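Examination of the molecular architecture
The residues making up each chain are set out below.
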Amino acid sequence: MNVTLSITDLLQIARAAALEAGAVIMQVYTSGAFDVSMKLDDSPLTKADRAAHEVISRDLAISGLPILSEEGQHHPYELRQQWEWYWLVDPLDGTKEFLKRNGEFTVNIALMHQNKPVAGLIYAPVPGSLYFGSAATGVYKEENGVKTQLLPLPKRYALEELLQKPELTIVASRTHLSPKTEEFIRRFPEASTSSMGSSLKFMLLAEGKADLYPRFAPTMEWDTAAAHALLNALNRGIYQADLQQELTYNKEDLYNPDFIAF
């Protein structure tokens, strides 16, 4: 890491990258010329994904840190495991939501240190909502020119404590609601449920609008890292399904296991 760059400096670099990426995404979004192709895992790839990746890669390069992006070169594990600091990026999270034109897609940029997310930025271009921060700086939301600090929980709660809440809200994926996730939600018949696309589900937790986000369907490290940094700074976490530890990063296999965020 460039010793002259603080977490605050790096978040400013990420902010500029995300806003510029959001602008090019919106150009494609409003044009309707999505130029869709399918990747090997049958997930869609659009002109906006590619354009956002190019913008973010260029803008983050001034930090001097390596970049692992969903749409970029996936460096060999032997090289990646030597990285102390790096960026983990999803240039367009929620491509299916983008194609549905429901506005629930984001730009995700995480700053990683020793394979842990230490700062994050999530930008939703349609509502113009920007979430960013770290444990060192605090976590903020900007929307319509108004900047609001998101306050951390007074302590980390165990799932058992959380489930004692008289009113529990569970958020789930709008597009990837698996039978296993549905089964989990049915265990809480008194809970209210909410659906949302992309990493905005995590931001419902960050804003205190939801309490629990179970995910028993495939995700990748770049889907969760930026939100993970923000939730950790707010005394929340993204836990593996056995609740024994949180998600880990820079694995040889970049898939996440099932998780529960709260």
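Under an unreviewed UniProt entry, the protein chain has the name 3'(2'),5'-bisphosphate nucleotidase CysQ and belongs to Pontibacter mucosus. Here the protein chain is described in UniProt, under the heading Subcellular location (unreviewed entry), as follows: "Cell membrane". Quoted verbatim from the Cofactor (unreviewed entry) field of the UniProt record, the comment on the protein chain reads "Mg(2+)".

**Here we look at the domain arrangement of the protein chain**
Many descriptions give the size of an interface as the accessible area lost when the pieces come together. When cut into domains, the protein chain gives domain 1 (7-150) and domain 2 (159-261). Centre-to-centre separation of domain 1 and domain 2, based on C-alpha positions: 19 Å. Listed by partner, the interface residues are 40 residues for domain 1 and 28 residues for domain 2. Where domain 1 abuts domain 2, roughly 2,800 Å² becomes buried across the two surfaces, and 64% of that area is made up of carbon and sulfur atoms. Across the domain 1-domain 2 interface, the total number found is 1 salt bridge. Here Lys141 makes a salt bridge to Glu207, at a shortest N to O gap of 3.1 Å. Taken together, the connections running from domain 1 to domain 2 amount to 11 residue pairs in polar contact (both at pLDDT 80 or more).

**Let's talk about the packing of aromatic side chains**
Within the structure shown, the criterion is met by 12 aromatic pairs. Aromatic pair Tyr29 and Phe98: ring centres 5.3 Å apart, planes at 45 degrees, arrangement tilted. Remark: Phe98 occurs in helix 4 (residues 95-100) and Tyr29 occurs in helix 1 (residues 7-31); sequence separation between them is 69 residues. Each member of the pair Tyr29 and Phe98 is classed as buried. Taken together, a centroid distance of 5.1 Å and an interplanar angle of 75 degrees make the contact between Phe98 and Phe105 edge-to-face. The rings of Tyr29, Phe34, Phe98 and Phe105 are connected pair by pair, giving a single aromatic cluster. Just above the ring of Phe132 sits the side chain of Arg15; from NZ or CZ to the centre is 5.9 Å.

**Points about the pattern of salt bridges**
In this structure the tally under the stated criterion is 14 salt bridges. For Glu70, the salt bridge goes to Lys39, with nearest N and O atoms at 2.8 Å. One end of the pair, Glu70, is in the loop between strand 3 (67-69) and helix 3 (77-80); the other, Lys39, is in the loop between strand 1 (37-38) and strand 2 (44-45), and 31 residues separate them in sequence. Given a relative accessible area of 18%, Glu70 falls into the buried group. In this structure, Glu161 and Lys155 form a salt bridge, with 2.8 Å as the shortest nitrogen-oxygen distance.

**Some points on the UniProt feature "binding site: substrate" (unreviewed entry) in the protein chain**
The UniProt feature table records "binding site: substrate" (unreviewed entry) at Glu70, Leu92, Asp93, Gly94, Thr95 and Asp223. Judged by maximum C-alpha separation, these annotated positions cover 154 residues in sequence but sit close together in space, the widest gap being only 12.3 Å. Those annotated residues from the list above that line the largest pocket are Glu70, Leu92, Asp93, Gly94, Thr95 and Asp223. If you trace the backbone, Asp93 turns up in strand 4 (residues 85-93). Ignoring anything within four residues of it in the chain, the contact list for Asp93 reads Phe105, Thr106, Asn108, Ser198, Ser199 and Asp223. Structurally, Gly94 can be placed in the loop between strand 4 and helix 4. Residues in contact with Gly94, not counting those within four places in the same chain, are Phe105 and Ser198.

**Section: empty space enclosed by the protein**
Tallying each qualifying case throughout the model produces 1 cavity of 30 Å³ or more. Looking at the largest cavity, its volume works out to about 40 Å³. Lining the largest cavity are Ile7, Leu10, Leu11, Ala14, Trp87, Ile109, Leu111, Ala119, Gly120 and Leu121. Secondary structure elements with two or more residues in the lining of the largest cavity: helix 1, strand 5 (106-113) and strand 6 (116-124). The greatest single-element share of the lining of the largest cavity, amounting to 4 residues, is contributed by helix 1.

**Topic: the layout of surface pockets**
There is about 760 Å³ of room inside the largest pocket. Lining the largest pocket are 37 residues, and of these Ser43, Glu70, His176, Pro218 and Asp223 lie nearest its centre. Counting contributing residues per domain, the lining of the largest pocket is built from domain 1 (7-150) and domain 2 (159-261), each supplying no fewer than three. Estimates place the volume of the second largest pocket at around 240 Å³.

Cut-offs used in this document
- Residues numbered from 1 in each chain as written.
- Predicted model: local features only at pLDDT ≥ 70, side-chain atom pairs only at ≥ 80, totals over all residues.
- Heavy atoms only, no water.
- UniProt positions renumbered as here; feature names shortened; annotations may be inferred.
- Domains from an automatic or database assignment.
- Contact = heavy atoms within 4.5 Å.
- Buried area = accessible area lost by both parts, 1.4 Å probe.
- Salt bridge = Lys/Arg side-chain N within 4 Å of Asp/Glu carboxyl O.
- Polar contact = N/O pair within 3.5 Å; in protein donor to acceptor, adjacent residues only side chain to side chain.
- Phe/Tyr/Trp six-rings, centres within 6.5 Å; stacked < 30°, edge-to-face > 60°.
- Helix = DSSP H or I, 4+ residues; strand = E, 2+ residues; numbered from the N terminus.
- Buried < 20%, exposed > 50% of the residue type's maximum accessible area, 1.4 Å probe, protein only.
- Lys NZ or Arg CZ within 6 Å of the ring centre and 35° of its normal.
- 1 Å grid on protein atoms, 1.4 Å probe; cavity = no way out; pocket = protein on both sides within 12 Å on 5 of 7 lines; lining within 4 Å.
- Points joined across faces, edges and corners; volume = space filled by probe spheres on them.

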